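# Report on the structure
The primary structure of each chain is shown beneath.
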Amino acid sequence: MANDFTTVRRALPFWLSLGMIPLLAIGAVQGGWTLALPPLYGWLFITLLDAILGRNTDQPDTQTPDADLFWYRLITLLWFPVQVVTVFSLIYYVTHTDHLSLGESLGLFFGMGVAAGTIGIVYSHELMHQKSKLERWMGDLLLASVLYSHFRSEHLLVHHWHVGTPMDGVTARYNEGFHRFFPRVLKECPRSAWAAETRKLARAKRSTWHRSNPFWRYAALQGGMLLLAFILGGWAGIGLFIVQAVVAIWQLELTNYIEHYGLTREHLGDGKYEHVKPHHSWNADHTASNWLMINLQRHSDHHYKPDRRFPLLQTYDADAAPQLPLGYPAMAAVAMIPPLWRRRMNPRVRAWRRQHYPHITDWSAYNKGQTPKRY
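From a predicted model like this one, the values you see are computed outputs, not experimental measurements.

### Examining a nonpolar patch on the surface
Among the surface-exposed residues, L227, L228, F230, I231 and W235 lie close enough to one another that they form a single nonpolar patch of about 560 Å² accessible area. In this structure, L228 sits in helix α9 (residues 214-260).

So, in structure tokens, the structure goes:
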């Protein structure tokens, strides 16, 4: 019993995500300034907790069996029903009451998008890497609920193979501001995901249009979500659903931007690159933001062992893997102001280059994403 209590106590902070739900309900009922509560919770409150609690450099036992991780895994499995009930309940409520103005309705679904992006997509990322069909389906459903299903293919078949190279669209280039990065990945990533699935099908001697192409599933799931939004709220319901999806995608791509900004793998010639190493990801050991984002900020270890469950991810010291000055939520705010971002991050990237690649003197091709591509 004591061991069970200890496990629950250690897992409980990762359930911070549920704090978003009552705040969204308060915003829906009260409107006004209360609509700011969900974003403030996800960004400001968590950043303040980071400042108070500091960094957590504990190294969990990587041999811990799944049975001992039940309370950690449970929140990731529960989040889809929680999120989908919340978003569709809000759609029904807003379209059948009249006490919220148009601006307030948009503000409410902005907050919903913050929750879906900061939490829902992060949980889907954890789930898509697991072997269980249930977990993978939960991951697919979470992505469909923000109309970004292709992210699974792009992440598993492109990002993890090609991170730090020009083949990976979501490796942000040195000096590339987020406002240039965002439209670029919105254009490139669906195409690269489709191309990756096409190559996978070709290796199996199947047509692009074969039923096993997951894009058929993606389309069906996303279509189902839009249909339900229409049934509950008409065209206004679809509009509000799209608002939260766009905000969630923005949150995801801010995180993608931060995770590998300026960190490139060395080109070895003939289109070949060095293996991915811990120093090819930005990490953050900040306690509270790792609770909210289920250790996503221990990003180097995730790339080393993509299917390692989030409670077991390891951290690295600054000599092995670069560390960010703040957690991902705070760094996302910095990224929205490109001059401030470059002031904080470009010196760190240059120091990283001197530390790990002193023999490279010309970085121009890396900066522009012009080193050779080889899929």
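So that's the structure; there's more coming.
### Regarding the nonpolar core
Counting residues in hydrophobic clusters, the biggest one holds 94 residues, and the most contacted among them are L108, F109, Y257, Y261 and W341. Among the elements that take part in this core, α9 stands out by supplying 15 residues, more than any other.

### Concerning the side chain of E197
Assignment of secondary structure puts E197 in helix α8 (residues 178-203). Apart from the residues within four sequence positions on either side, E197 is in contact with S153, L157, N213, P214, F215 and Y218.

### Quick word on the side chain of T76
Its place among the elements puts T76 in helix α4 (residues 70-95). Among the residues examined, T76 registers a relative accessible area of 2% and is labelled buried. Here the side chain of T76 touches R73 through a polar contact of 2.6 Å, landing on its backbone oxygen. Not counting chain neighbours up to four residues away, the residues in contact with T76 comprise Y123, E126, L127, I294 and F310.

### Some words on the pattern of salt bridges
Scanning the entire structure with this criterion turns up eleven salt bridges. The salt bridge involving E135 is made with R73; its shortest N-O contact spans 3.6 Å. Here E135, found in helix α6 (residues 133-144), pairs with R73, found in helix α4; they are 62 residues apart in sequence, far enough to count as distant. R73 sits in the partly exposed class, given a relative accessible area of 23%. We note a salt bridge from K277 to E274, for which the minimum N-O separation is 3.3 Å. For K277, a relative accessible area of 39% puts it in the partly exposed group. Look at the salt bridges and you will find they share partners, linking D66, R73, E135 and R309 into a network.

### Here's the deal with helix α5 (residues 102-128)
The largest bend in α5 is about 35°, located at A116. Taking burial as the measure, the 27 residues of α5 include 21 buried ones, the bulk of the element.

### Describing the packing of α4 against α5
To describe two helices that pack against each other, one gives the angle between their axes and the distance between the axes. One way to put it is that α4 packs onto α5 with a least axis distance of 10 Å and a crossing angle of 160°. When the interaxial angle is binned, α4 and α5 end up roughly antiparallel. Remark: the crossing between α4 and α5 carries left-handed chirality. Between α4, through I75, T76, L77, W79, Q83, T86, V87, L90, I91 and V94, and α5, the contact on the second element is made entirely by S105, L108, F109, M112, A115, A116, I119, G120, Y123, E126 and L127. Among the residues making up the contact of α4 with α5, the classes are represented as 15 nonpolar, five polar and one charged.

### What about helix α13 (residues 338-356)?
A rise of 1.5 Å per residue sets the reference length of α13, with its 19 residues, at 27 Å; its end C-alpha atoms lie 25 Å apart and thus fit the reference within 8%. Where α13 is concerned, the buried positions are P338, W341, M345, N346, V349, W352, R353 and H356. On its buried face, α13 sits against α8, α9, α12 (328-335) and α14 (364-367).

### Some remarks on the packing of α4 against α9
Closest axis-to-axis distance for the α4/α9 pair is 9 Å, and the angle between their directions is 95°. With respect to α9, the axis of α4 lies roughly perpendicular. Across the interface between the two elements, F80, V84, V87, F88, I91, Y92, V94 and T95 of α4 pack against M225, L228, A229, L232, G233, A236, G237, L240, F241 and Q244 of α9. Looking at the contact of α4 with α9, its residues break down into 14 nonpolar, four polar and no charged.

### A word on the environment of Q30
Secondary-structure assignment places Q30 in helix α2 (residues 20-30). Taking relative accessible area as the criterion, Q30 reaches 57% and is therefore assigned exposed. In sequence terms Q30 and M112 are 82 residues apart; their C-alpha atoms lie 15 Å from each other.

What counts, and at which threshold
- Residues numbered from 1 in each chain as written.
- Predicted model: local features only at pLDDT ≥ 70, side-chain atom pairs only at ≥ 80, totals over all residues.
- Heavy atoms only, no water.
- Patch = residues over 30% accessible without salt bridge, like charges linked within 9 Å, V, L, I, M, F, W, Y side chains within 5 Å.
- Areas by Shrake-Rupley, 256 points an atom, 1.4 Å probe, with all protein chains shown as cover.
- Salt bridge = Lys/Arg side-chain N within 4 Å of Asp/Glu carboxyl O.
- Helix = DSSP H or I, 4+ residues; strand = E, 2+ residues; numbered from the N terminus.
- Core = buried A, V, L, I, M, F, W, Y, C linked by side-chain atoms within 4.5 Å.
- Buried < 20%, exposed > 50% of the residue type's maximum accessible area, 1.4 Å probe, protein only.
- Contact = heavy atoms within 4.5 Å.
- Polar contact = N/O pair within 3.5 Å; in protein donor to acceptor, adjacent residues only side chain to side chain.
- Bend = angle between axes of the 7 residues up to and from the residue.
- Axes fitted to C-alpha atoms, helices over the stretch in contact; angles between N-to-C directions.
- Parallel < 35°, antiparallel > 145°, perpendicular 65-115°, else oblique.
- Left-handed = near helix turned anticlockwise from the far one by under 90°.
- Nonpolar A, V, L, I, M, F, W, Y, C, P; charged D, E, K, R; others polar.
- Expected span 1.5 Å × (residues − 1).

What is shown is where atoms sit, not what they do.
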